[in-house]
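# Residue-level structural notes
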Amino acid sequence: MKEESRVMDREAMDKSLERIAHEIAEHIGPSDEVAIIGIKNRGAYLARRIADKIERIAKKKLSVGALDITLYRDDLTQVAAQPIVHATEIDFSIDNKKIILVDDVLFTGRTIRCALDALIDFGRPGRIQLAVLVDRGHRELPIKADYVGKNVPTGINEVVEVRLEEADGKDEIVLCRNKV
Amino acid sequence: MNKKFAWTRKDLLGLEYLSAEEIEFILYTAGSFKEVTTRQIKKVPALRGKTVVNLFYEPSTRTRASFELAAKRLSADVLNIAAESSSVKKGETLIDTGKNIEALKVDLIVVRHNCSGAPNILARAVSSSVVNAGDGWHEHPTQALLDMFTLKEKLGRIEGLNVSIIGDIAHSRVARSNIWGLTKLGAKVTVCAPGMLIPEGIEKMGVKATTDLEEALEGADAINVLRMQFERDVAVAFPSKFEYLKNYGITTERLAKCKKEIVVMHPGPINRGIEMSSEVADGKNSVILEQVTNGIAVRMAVLYLVSMANDNRKTNTKASLGA
């Protein structure tokens, strides 16, 4: 049996992304070239949304990309089902750019480690920052987010599910735990 | 594409054994790897720490090089063994060679052999993954996959396409793998060659056979022109090389009567002026060099998928033994 409790609804999620976008926009200098790169799959949708908001707030055109990190994972043989390799879509140079890496949930930090490795294979960014919708704790690596939508304290066996319109038909975040 | 699909085979032995969904899945994965091959740093760490052995009992430059580059771009270590210079010469059997390679803790064996079915025997004997790089007249699955990948890239689909395979059908593993793959994905396949080079009963594979080139070219969305293998026994099938160009060679004049966007493929190496004129080989319909480029992406996908499936299989076996 799975028990779910809702952490965020559609409205709260939009507010949260709006706030992240404002924070990022505040830190964009006049000479900064900024690119928003989301980690597939859900991070890529969030990156698109945040980029749209920043473009509106800062009146500045951003490059937007999507990163597939499957080939960089260190736990490939530990996950039950084999993940599908999707294409990375970064059709611009990341050299010297300020990169905002976007993911839905920050947990152990291992995904971000993979993403950093993958990104650096594309060039030499001027700076990389991290934006996440949810930070649920339990880090296994020294990684910290620069922009956080919401801190959600969780138990190690709980699962934070971010559902997005683009992938799941509706926007919400739920905390799932197995009922004993 | 089905998001729940997972590749579970430790080997790739031929397209005959695969479902349409499995073939589509390889092609999709190859698309992701193609992006990797366009990067400035064309290397990902997916097979870091794995070793790939290219075990070639037949001479090959392009297929071996393609597999070697594919493995290296996945960060695997590669060892090349050419049978002419190995203990095979001293009488070692295929299974013994396989077991010895496995004892070297090798994860993947890419094998080319002049006997049909040799990779199947090897795959049963070892727990490493086995990938068929061409066996006798049987199959050359990665060639057919890269042909289909290129076709899909050019025309957007496979289903419903008219594809003609022209050349020595009887002795061609490329033809056989293409027929299996294309028909599974819903293409209409015609094979065309001089009568002696069309095996009897080929229609049972779901293709149309003809000795008339014009018939094969008419309405074709793509043609796959096979190499005349003079080093094998094809010379008996027609009087001279020039006779072949005259009757079966793809020339500018013949191409002019085809669909304007017809895709011209050839697995290489080309005999210019025999199965195809130079103008056609270098012309705007030709995708021959793109096939070579795509070959690396397709082989990366295959090596990656079989290796991951084999790792999962071993993990699951361990887990069930523990429980």
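This structure is a prediction, so every number in the text was calculated from the model and none was measured.

## Brief notes about helix H2 (residues 62-73) of chain B
Residue and element names in this part refer to chain B. The first and last C-alpha atoms of H2 sit 16 Å apart over 12 residues, in line with the 16 Å expected at 1.5 Å per residue. Turning to H2, its buried residues number three or more, namely Thr-63, Ser-66, Phe-67, Glu-68, Ala-70, Ala-71 and Arg-73. Once H2 finishes, Ser-75 follows within two positions and takes phi at roughly 70°, a positive value.

## Focus on the domain arrangement of chain B
All names here are of chain B. Domain annotation of chain B identifies domain 1 (20-139 + 294-313) and domain 2 (141-291). Averaged C-alpha coordinates put domain 1 and domain 2 at centres separated by 26 Å. Taken together, the contact pairs 26 residues of domain 1 with 26 residues of domain 2. Buried area between domain 1 and domain 2, summed over both chains or domains, comes out near 2,200 Å², and the portion from carbon and sulfur atoms is 60%. Counting the surface domain 1 buries against domain 2, the share from its top three residues, Trp-137, Glu-139 and Asn-294, is 31%. Our count for the domain 1 to domain 2 interface comes out at three salt bridges. One salt bridge connects Lys-34 with Glu-153, and the closest N-O pair in it is separated by 2.9 Å.

## Side note on the packing of helix H5 (residues 141-155) of chain B against helix H6 (residues 173-184) of chain B
All names here are of chain B. Where H5 meets H6, the closest approach of the two axes is 8 Å, and the angle between their N-to-C directions is 55°. Classified by the angle between their axes, H5 and H6 sit oblique to one another. As H5 runs across H6, the sense of the crossing is right-handed. Taken together, the residues of H6 that come into contact with H5 (itself represented by Pro-141, Gln-143, Ala-144, Asp-147, Met-148 and Leu-151) are Val-174, Ser-177, Asn-178, Gly-181 and Leu-182. Here the residues of the contact of H5 with H6 are counted per class, giving six nonpolar, four polar and one charged.

## So, the nonpolar core
Within the largest apolar cluster, 115 residues are counted, with the highest numbers of intra-cluster contacts made by A:Leu67, B:Phe33, B:Leu145, B:Ile250 and B:Leu303. Residue assignment places this core across two domains, with domain 1 (20-139 + 294-313) and domain 2 (141-291) of chain B each supplying three or more. Ignoring any residue separated from it by four or fewer positions in sequence, one finds B:Phe33 in contact with A:Leu71, A:Val85, B:Leu74, B:Ala297, B:Met300, B:Ala301 and B:Tyr304. A:Ile100, A:Val160, A:Val162 and A:Leu164 belong to the second-largest nonpolar core, a separate cluster that totals 30 residues.

## Considerations on the environment of A:Ile28
Residue and element names in this part refer to chain A. Here Ile-28 lies in the loop between helix H1 (10-26) and strand S2 (34-39). A residue is classified by how much of its surface remains accessible, and Ile-28, at 14% relative accessible area, is buried. Not counting the four nearest positions on each side in its chain, Ile-28 is found in contact with Val-34, Ile-54, Lys-60 and Lys-98.

## Examining the side chain of B:Asp168
Residues and elements named next belong to chain B. Within the secondary structure layout, Asp-168 lies in the loop between strand S5 (162-166) and H6. Owing to a relative accessible area of 0%, Asp-168 belongs among the buried residues under this scheme. Within the structure, the side chain of Asp-168 is placed 3.3 Å from the backbone nitrogen of Ala-170, a separation counted as a polar contact.

## Some words on the interface of chain A and chain B
Of the residues lining the interface, 16 residues belong to chain A; the matching set on chain B comes to 26 residues. With both sides pooled, the region where chain A packs onto chain B buries about 1,800 Å², and carbon together with sulfur makes up 58% of that total. The interface formed by chain A and chain B includes zero salt bridges. The interface formed by chain A and chain B includes six residue pairs in polar contact (both at pLDDT 80 or more). Looking at the side of chain A that touches chain B residue by residue, the class counts come to 10 nonpolar, five polar and one charged.

## A word on the confidence of the model for chain B
Confidence in the prediction of chain B, expressed as mean pLDDT, is 92, and 94% of residues score 70 or more. Reported for the predicted complex are a pTM of 0.90 and an ipTM of 0.80.

## As for the packing of aromatic side chains
Enumeration according to the criterion identifies three aromatic pairs over all chains in this entry. A centroid spacing of 4.8 Å and a plane angle of 50° characterise the contact between B:Phe5 and B:Phe25, whose relative ring orientation is tilted. Separated by 20 residues along the polypeptide, B:Phe5 in the segment before helix H1 (20-37) and B:Phe25 in helix H1 bring together distant segments of the chain. One residue, A:Arg136, lies across the ring of A:Phe107, its end atom 3.8 Å from the ring centre. Positioned above the aromatic ring of B:Phe67 is the side chain of B:Arg299, whose terminal nitrogen or guanidinium carbon lies 5.0 Å from the ring centre.

Each value, and the rule that gives it
- Residue indices follow the written sequence of each chain, beginning from 1 at its first position.
- Each chain is given a letter, starting from A, and each ligand a number, starting from 1, according to the order in which they appear as written.
- Confidence filtering applies because this is a predicted model: local features only for residues at pLDDT of at least 70, side-chain atom pairs given and counted only at 80 or more, and all residues used for totals across whole chains, interfaces and linings.
- The side-chain numbers reported here are obtained from all heavy atoms of the structure, hydrogens and water having been left aside.
- Strands are runs of DSSP state E lasting at least 2 residues, helices are runs of H or I lasting at least 4, and numbering of each runs from the N terminus.
- Expected span of a helix: the number of residues minus one, times 1.5 Å.
- Working definition: with a 1.4 Å probe on protein chains only, accessible area under 20% of the residue-type maximum means buried, over 50% means exposed, and in between means partly exposed.
- In this entry, domain limits derive from an automatic or database-based domain assignment.
- Should any heavy atoms of two residues lie within 4.5 Å, those residues are counted as being in contact.
- Here the quantity called buried area is the total loss of accessible area, with a 1.4 Å probe, experienced by two parts when brought into contact, counted for both.
- Whenever a carboxyl oxygen of Asp or Glu lies within 4 Å of a side-chain nitrogen of Lys or Arg, that contact is scored as a salt bridge.
- For every element, the axis is a line fit to its C-alpha atoms; helices are fit only across the contacting stretch, and the angle between N-to-C directions ranges from 0 to 180 degrees.
- Relative orientations are named as follows: roughly parallel for angles under 35 degrees, roughly antiparallel for angles over 145 degrees, roughly perpendicular for angles from 65 to 115 degrees, and oblique for any other angle.
- Left-handed is the label given to a crossing in which the near helix is rotated counterclockwise from the far helix by less than a right angle, and right-handed is the label when the rotation is clockwise.
- Nonpolar residues are Ala, Val, Leu, Ile, Met, Phe, Trp, Tyr, Cys and Pro. Charged residues are Asp, Glu, Lys and Arg, and all others, Gly as well, are polar.
- Residue types Ala, Val, Leu, Ile, Met, Phe, Trp, Tyr and Cys, when buried and joined through side-chain atoms within 4.5 Å, form a set referred to as a nonpolar core.
- Throughout this description, a polar contact denotes any pair of N or O atoms lying within 3.5 Å of each other; where both atoms belong to protein, one of them has to be capable of donating a hydrogen while the other can accept it, and for residues adjacent in sequence the pair is counted only when both atoms sit in side chains.
- pLDDT expresses how confident the predictor is about each individual residue, on a scale running from 0 to 100.
- Two aromatic rings, drawn from Phe, Tyr or Trp (for Trp, its six-membered ring), form a pair once their centres lie within 6.5 Å of each other, and the interplanar angle then sorts them: stacked below 30 degrees, edge-to-face above 60, tilted otherwise.
- Only when the NZ of Lys or the CZ of Arg is both within 6 Å of the ring centre and within 35 degrees of the ring normal is a charge said to sit over the ring.

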